[in-house]
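Here is what each chain is made of, one letter per residue.
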Amino acid sequence: MKLKGTMDPHQQAIAQLEQVACLLKDQYQDSKKFQAVIKQLKTPDRVIKGELKVTMDDGLIQKFKAFRSQHNNARGPYKGGIRFHPGVTEEEVMALSTWMTWKCAVTNIPYGGSKGGIIVDPKKLSEAELQRLSRAYAEFLADHIGPWVDVPAPDVNTTPQIMAWMVDAYEKYLKTNHQPIQANPLATFTGKPLGLGGSAGREEATGLGGFFILEKLVKKLGLNRKQDITIAIQGFGNVGYWFAHHADQAGYKVVAVSDSKGGVYVESGLDPAETLHCKQKKGQLKDCLCADGKCNLINGRMITNKELLELEVDILVPAALENVITLDNAAKIRAKAILELANGPTTPEADQILFDKGVTLVPDVLANAGGVTTSYFEWVQNLQGYYWTKEEVISKLQPLMEDAFAQMWQMKENKQVSGRMATYMTAVKRVVDTMILRGI
Ligand code: NAD
């Protein structure tokens, strides 16, 4: 996809949609109707914005700008995270809500897309201030969210604890305002702690969902012997670790992982559990290297994050930051395939270079959708008031991820487009078809 780096995120989302629409339009006989639906999808259904007044610990009142963009709900309630970050903008939440519509559609879960945010640096707040801000946001949105309306979740800098404060504030708001309770209010937020309606299996769901995709991807690439398939992972946090863990357990060779201070490379493959244990003890991965046989990463070597991305491996997994594969390094990527577990790791310019080089790419909206899919399971469990074991959650996650990958691959082969374009085409087509069925 060719998009200009100077566009704001929402302009990028619109440009992507226009490109996808161009490729899909021949499939619709009624082109007027198709174009009308595409036009509607370019703008969120609603953007709620306001200023939250929060009493700080010193007794003074501080104002915080807050947003919620509800993009589309043709396929089900709006669904999307809430981020607390100084860089949040209205255009950003509008774009992210659009991408959530595609993410939920590509895994075929019955949700639309939304996203929220507050302009704040949460590290500068005390715990009490953070709680008051979170509760204020839930009350600000209370009339616009609900199990059948819009279901928020954690995102950048928001946690299960923050979801717990929000769901509590929301329930109190309903009671205070004598609003009818139409469904379990717990189903209004996902990503909650296990002790307050969270789902078993959520912690590892994103990494595990990525692993299910890996299993299907290597087959399509014709790579057969797992013990010879090499994997490099940038980022060794929640997503990177759980992906590494499941890949290692299945017999793949995880040769490199990294954190913000740099990475380690072990040609014979490393043990993710031991590596995590060592990182937790020593603080950073590079301190886990040794050559004397007494520590974790025997005969490994230190590598920079830049080197990790350019390693000659079968599968490269960015699982840390956005914009790490760019115009500067895309041509140097030697992996056969990229599985994007981080959000937005590849810039649009790099995307084109990778496609021209023949690197297979499974984009973020598909590769890391195990998280939102398990959020969907949390919502289902809250609504039915009956909770599943982790094994049950995993057994339901696997077919959804595999099916989403199969649909994307079929589109990619049929239309001879990149993995990213095939994913967007699959998702947009689903949303357009539903809107046409509804008669919108
Ligand atoms: P995390 O905070 O648990 O881990 C992030 C990892 O990235 C850490 O190991 C950190 O050391 C590393 N890192 C930070 N700066 C780095 C740098 N400059 N270079 C290399 N590594 C660096 O976060 P996470 O939950 O694992 O999320 C990782 C990515 O996956 C993010 O892009 C996130 O948006 C995306 N994601 C996460 C989930 C989820 O369920 N956690 C769901 C969808 C997408």
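This one's a predicted model, so the numbers in the text were calculated from it and none came from an experiment. Within each chain, residue numbers correspond to sequence positions counted from 1 in written order. Side-chain atom pairs in this predicted model are given and counted only at pLDDT of 80 or more, local residue features only at pLDDT of at least 70, and totals for whole chains, interfaces and linings cover all residues. Excluded from the side-chain calculation are hydrogens and water; included are all heavy atoms of the structure.

Description of the pairing of strand β12 (residues 315-318)
Looking along a regular strand, one sees side chains alternate from face to face of the sheet. Every second residue of β12 is oriented toward a common face, with Ile315 and Val317 on one face and Leu316 and Pro318 on the other, all of them buried. Across four bridges, strand β6 (residues 230-234) lies against β12 in parallel orientation. Considered in β12, the bridge of Ile231 is made with Ile315. Remark: exposure states derive from per-residue accessible area (1.4 Å probe, protein chains only) relative to the maximum for the residue type, with buried under 20%, exposed over 50%, and partly exposed in between. Strands here are runs of E lasting at least two residues and helices are runs of H or I lasting at least four, both read from the DSSP assignment and numbered beginning at the N terminus. Each pair of strands is called paired provided DSSP finds at least two bridges between the two strands.

Let's talk about unusual backbone geometry
The backbone phi angle of Asn157 is positive, close to 65°, even though this residue is not glycine. Structurally, Asn157 is set in the loop between β5 (150-154) and α5 (160-176). Asn157 sits in the partly exposed class, given a relative accessible area of 31%.

Points about the state of the cysteines
Working definition: a disulfide is two cysteine sulfur atoms within 2.5 Å of each other. Under the defined criterion, the tally for this structure stands at one disulfide. Two residues share a disulfide in this structure: Cys278 and Cys288, whose sulfurs sit 2.2 Å from each other. Judged by the sign of its S-S torsion, about -110°, the cystine formed by Cys278 and Cys288 is left-handed. Highlighted residues: Cys278 in helix α8 (residues 272-282) and Cys288 in the loop between α8 and β9 (289-290), separated in sequence by 10 residues. Taken individually, Cys278 and Cys288 each receive the classification buried, so the pair is uniform in this respect.

A closer look at the packing of aromatic side chains
Pairing of aromatic rings covers Phe, Tyr and Trp, the last through its six-membered ring, and needs centres within 6.5 Å; plane angles under 30 degrees mean stacked, over 60 mean edge-to-face, and all others mean tilted. Per the counting criterion, the structure on display carries 14 aromatic pairs. Between Phe211 and Phe212, the aromatic rings sit 6.0 Å apart at their centres with planes inclined by 50°, giving tilted as the arrangement. On the accessibility criterion, Phe211 (8% relative accessible area) is buried. On the numbers, 5.6 Å between centres and 40° between planes, the contact of Tyr376 with Phe377 is tilted. When its relative accessible area of 4% is taken as the criterion, Phe377 is described as buried. An aromatic cluster of three or more residues is present, and its members are Tyr111, Trp148, Tyr376, Phe377, Trp379 and Trp388. When the ring centre of Tyr111 is taken as origin, the NZ or CZ atom of Lys79, which lies over that ring, is 5.9 Å away. Between Lys396 and the ring centre of Trp388, over which it is positioned, the NZ or CZ distance is 4.7 Å. For a lysine, the NZ atom is tested; for an arginine, the CZ atom; a charge sits over a ring if that atom is within 6 Å of the ring centre and within 35 degrees of the ring normal.

Re the nonpolar core
Grouped together as the largest cluster of nonpolar side chains are 86 residues, with contacts concentrated most on Leu214, Ile315 and Leu339. The contact definition used throughout considers only heavy atoms, calling two residues in contact when any of these lie within 4.5 Å. With residues up to four places along the chain from it excluded, the contact list for Leu339 reads Gly210, Ile213, Leu214, Phe243, Ile315, Leu316, Val317, Pro318, Val362 and Ala367. By size, the runner-up hydrophobic cluster in this structure holds 30 residues, among which are Ala66, Met163, Trp165 and Met166. Residue types Ala, Val, Leu, Ile, Met, Phe, Trp, Tyr and Cys, when buried and joined through side-chain atoms within 4.5 Å, form a set referred to as a nonpolar core.

Section: the site of the ligand
A molecule or strand has a residue near it when one of that residue's heavy atoms lies within 4 Å. Close to the ligand lie 18 residues; Thr206, Phe236, Asn238, Val239 and Asn343 are nearest. Between N or O atoms, a polar contact is any pair within 3.5 Å; within protein, one atom must be a potential hydrogen donor and the other a potential acceptor, and residues adjacent in sequence are included only when both atoms are from side chains. One of the side-chain nitrogen or oxygen atoms of Arg202 is found 3.2 Å away from an oxygen atom of the ligand. Within the contact set of the ligand, a nitrogen atom lies 3.3 Å away from a side-chain nitrogen or oxygen of Asn305. A 1.4 Å probe and the Shrake-Rupley method give the accessible areas. Residues count as covered only by the protein chains that appear here. Contact with the protein chains removes 68% of the 840 Å² of surface that the ligand exposes when unbound.

A closer look at the domain arrangement of the protein chain
Each domain's limits were defined by an automated method or a database of domain assignments. Domain annotation of the protein chain identifies domain 1 (45-188) and domain 2 (205-367). Between the C-alpha centres of domain 1 and domain 2 there is a distance of 32 Å.

Comments concerning the sheet that holds strand β14 (residues 360-362)
With mixed pairing, the seven strands of this open sheet are ordered in space as β11-β8-β7-β6-β12-β13-β14. Of all the strands in the sheet, just β11 (301-303) and β14 have a single pairing partner and so form its edges. In this sheet, adjacent strand axes meet at a mean angle of 20° when their direction is disregarded. For helices, the axis comes from a line fit to the C-alpha atoms of the stretch in contact; other axes are also lines fit to C-alpha atoms, and the angle between any two N-to-C directions lies between 0 and 180 degrees.

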